[in-house]
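# Tertiary structure, described
One-letter residues, chain by chain:
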Number of protein chains: 2
Amino acid sequence: MIKYQQIAIEIETYIEEHKLQQGEKLPVLETLMAQFKASKSTVTKALDLLEKKGVVFQVRGSGIFVRRHKRTGYIGLLSNQGFTSELEDFQLTSEVIELDVRKPTQEAALNLNIEENSDVYYVKRVRYINGQTLCLEESFYNKSIVTYLNNEIVSQSIFHYIKEGLGFKIGFSDLYLHVGKLNEEEATYLGLKEGDPKLFIETLFHLANGQPFDFSKVTYNYEQSQFFLQATSHVL
Amino acid sequence: MIKYQQIAIEIETYIEEHKLQQGEKLPVLETLMAQFKASKSTVTKALDLLEKKGVVFQVRGSGIFVRRHKRTGYIGLLSNQGFTSELEDFQLTSEVIELDVRKPTQEAALNLNIEENSDVYYVKRVRYINGQTLCLEESFYNKSIVTYLNNEIVSQSIFHYIKEGLGFKIGFSDLYLHVGKLNEEEATYLGLKEGDPKLFIETLFHLANGQPFDFSKVTYNYEQSQFFLQATSHVL
DNA sequence: CAGTATAATTGTATCGATACAATTTATCAA
DNA sequence: TTGATAAATTGTATCGATACAATTATACTG
């Protein structure tokens, strides 16, 4: 493990274990440098990472402080590693509706940046949280990257498989959110009524090298969907 | 202006002006170092900033590439500088419904971390985009920070005033999203029907020193609300 | 010519040093 | 006690150097 990541993990673990609250002050840089036997730059890098993650905030001339969101039960929108890692505290299961290799829709081909006659894995599943329907998900995986999927993988964590099984590094993703009304099919799968509100999120996931590999359209059960996200000012 | 920020701005401007597309390669680090007469660390810092902002992505051993989201007309969720800076390309106006000094609700006091008998500025406005209702907004400003507001400020950009007029630096913010159905009042203000879908976002804005100064509850017109956001993997 | 090993390219991690800006604390005068 | 001023604290910006990891290009081999 890389040093600054290790430091970040240890600091975060410390915050967790000691249940530090919003605004509580961490040891000063000098102390952390000594404690972790690392240079100022390295510790700073660890702290920047934690700041990006929303765990701490730094104030020049003052110190390093814990940042916390108070509410629980909200799904983090920015953990682009799939939900499984995000929702460890919850019972998350999946029911696979469809799984096959097919030609992509025009939209999917465009987003995945592939030809319309190339192959994709199509996955459709309903995901449940604590026994309630959470969302209806349709995903298109570029088959030249995600070369193999089966029912077992798909009913568990696809992202875990892509990282561990296939050895890819996940990079960034673009999310597009809409609000609208459920159509009949969506309502049926989610156990709601046609015309009920829906949150609809399209996500384009990329590998670390910039290749898009998964275009995903998810319709959320509005009764279960509470999301949070933490923003940081970019200055520019 | 600080050097690495300046470099970041110039690179971003270059990308804009040359209309570089997703995946196009920028000059290599060495070149950028020479071009901006800056050390490797400084250029890297500028690039990290742009990466955080979703403008570029870097691939070790390969290069620095442009990152772009294709869709236009979407509102960025993470620009916690208020919408005015975000939506420069659109006609954004506000109608002020209420503006007064009052005692905070229990909820607002809790979020702003103040006593229930201290004062807040309460602002309620409807915001329009290209002549259409965009959202109904209720905000509570900690009056001991935002000491003065008037109708003119409130009908324009409150955040611009807080930064430029009052000289504060905006820090981070926490967003909580829900989907639900419009009640009668909301529907009236937004020109929609009771029971129509709504996106409801509560945001707690903090100064750079960590003090919360604005607790804000916004109900969006689902017909106008298209949001996008860019996620980056934090590794940890 | 295909496949593999090697070399060159290019971004990342780490150290450490210097100067500096924002905040907080201490000092001192009125 | 108040309020200004100075000093100490503490994170930020910048340089530059070394070593390294991932990717890409090249050379080599069969």
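The structure under discussion appears in the preceding block.
Everything in this summary refers to the structure shown in the same document. For every chain, the first residue of the written sequence is number 1, and numbering continues from 1 along that sequence. The naming scheme follows written order: chains are lettered A onward, ligands numbered 1 onward. Confidence filtering applies because this is a predicted model: local features only for residues at pLDDT of at least 70, side-chain atom pairs given and counted only at 80 or more, and all residues used for totals across whole chains, interfaces and linings.

Attention now goes to the overall build of chain A. What chain A contains, in helices and strands, is eight helices and ten strands. Viewed in the frame of its principal axes, chain A has a C-alpha envelope of about 60 × 40 × 35 Å. With C-beta atoms placed from the backbone, a residue is labelled by how many other C-beta atoms lie within 10 Å of its own: buried for 20 or more, exposed for 12 or fewer, partly exposed between the two. Taken across its 236 residues, chain A has 34% of its residues classed as buried. For the purpose of contact definition, each residue receives a C-beta atom placed from its backbone, and two residues are in contact when these atoms lie within 7 Å. Here the contacts in chain A between residues at least 6 apart in sequence split such that 61% fall between residues at least 24 apart. Only DSSP runs of H or I reaching four residues or more are called helices, and only runs of E reaching two or more are called strands; each is numbered from the N terminus.

Moving on, we come to the packing of helix 1 (residues 3–17) of chain B against helix 3 (residues 40–52) of chain B. All names here are of chain B. Helix axes use the C-alpha atoms of the stretch in contact, all axes being lines fitted to C-alpha atoms, and the angles between their N-to-C directions lie in the range 0 to 180 degrees. Axis separation between helix 1 and helix 3 bottoms out at 8 Å; the angle between their running directions is 55°. Classified by the angle their axes make, helix 1 and helix 3 are oblique. Seen along the crossing, helix 1 lies across helix 3 with a hand that is right-handed. Contacts between helix 1 and helix 3 involve K3, Y4, I7, A8, I11 and E12 from the first element and T42, V43, K45, A46, L49 and L50 from the second. In terms of residue class, the contact of helix 1 with helix 3 is built from eight nonpolar, one polar and three charged. Should an angle fall under 35 degrees it is taken as roughly parallel, and over 145 as roughly antiparallel, whereas 65 to 115 is taken as roughly perpendicular and any remaining angle as oblique. Handedness of a crossing is defined here by the sense of rotation of the near helix relative to the far one, left-handed for an anticlockwise turn of less than a right angle and right-handed for a clockwise turn. Gly is placed with the polar residues, together with every amino acid not listed as nonpolar (Ala, Val, Leu, Ile, Met, Phe, Trp, Tyr, Cys and Pro) or charged (Asp, Glu, Lys and Arg).

A separate point is the pairing of strand 8 (residues 197–207) of chain B. All names here are of chain B. Counting buried positions along strand 8 gives eight out of eleven residues, so the element sits mostly inside the fold. Whether two strands pair comes down to DSSP finding at least two bridges between them. Sheet topology places strand 8 next to strand 9 (residues 212–221); nine bridges connect them, and they run antiparallel. Bridge assignment links F205 to a residue of strand 9, and that residue is D214. What sits between strand 8 and strand 9 in their antiparallel hairpin is a turn of four residues, with G210 showing a positive phi close to 95°.

Looking at DNA strand D, there are 23 residues lining it, with A:L29, B:K3, B:Y4, B:T42 and B:G61 nearest. For the surface near DNA strand D, the secondary structure elements donating two or more residues are helix 3 (40–53) and strand 2 (63–66) of chain A together with helix 1 and helix 3 of chain B. When grouped by side-chain class, the residues that make up the surface near DNA strand D number seven nonpolar, eleven polar and five charged. Proximity of a residue to a molecule or strand is defined by its backbone-placed C-beta atom lying within 6 Å of that partner.

What follows is about the pairing of strand 6 (residues 132–142) of chain B. Each regular strand shows side chains that alternate between the opposite faces of the sheet. All names here are of chain B. Within strand 6, eight of the eleven residues are buried, leaving the element largely enclosed by the surrounding structure. Across ten bridges, strand 5 (residues 120–129) lies against strand 6 in antiparallel orientation. For R125, the partnering residue across the bridge sits in strand 6 and is E137. The turn joining strand 5 and strand 6, which pair antiparallel and follow one another in sequence, is formed by two residues; a positive phi near 50° is taken by N130.

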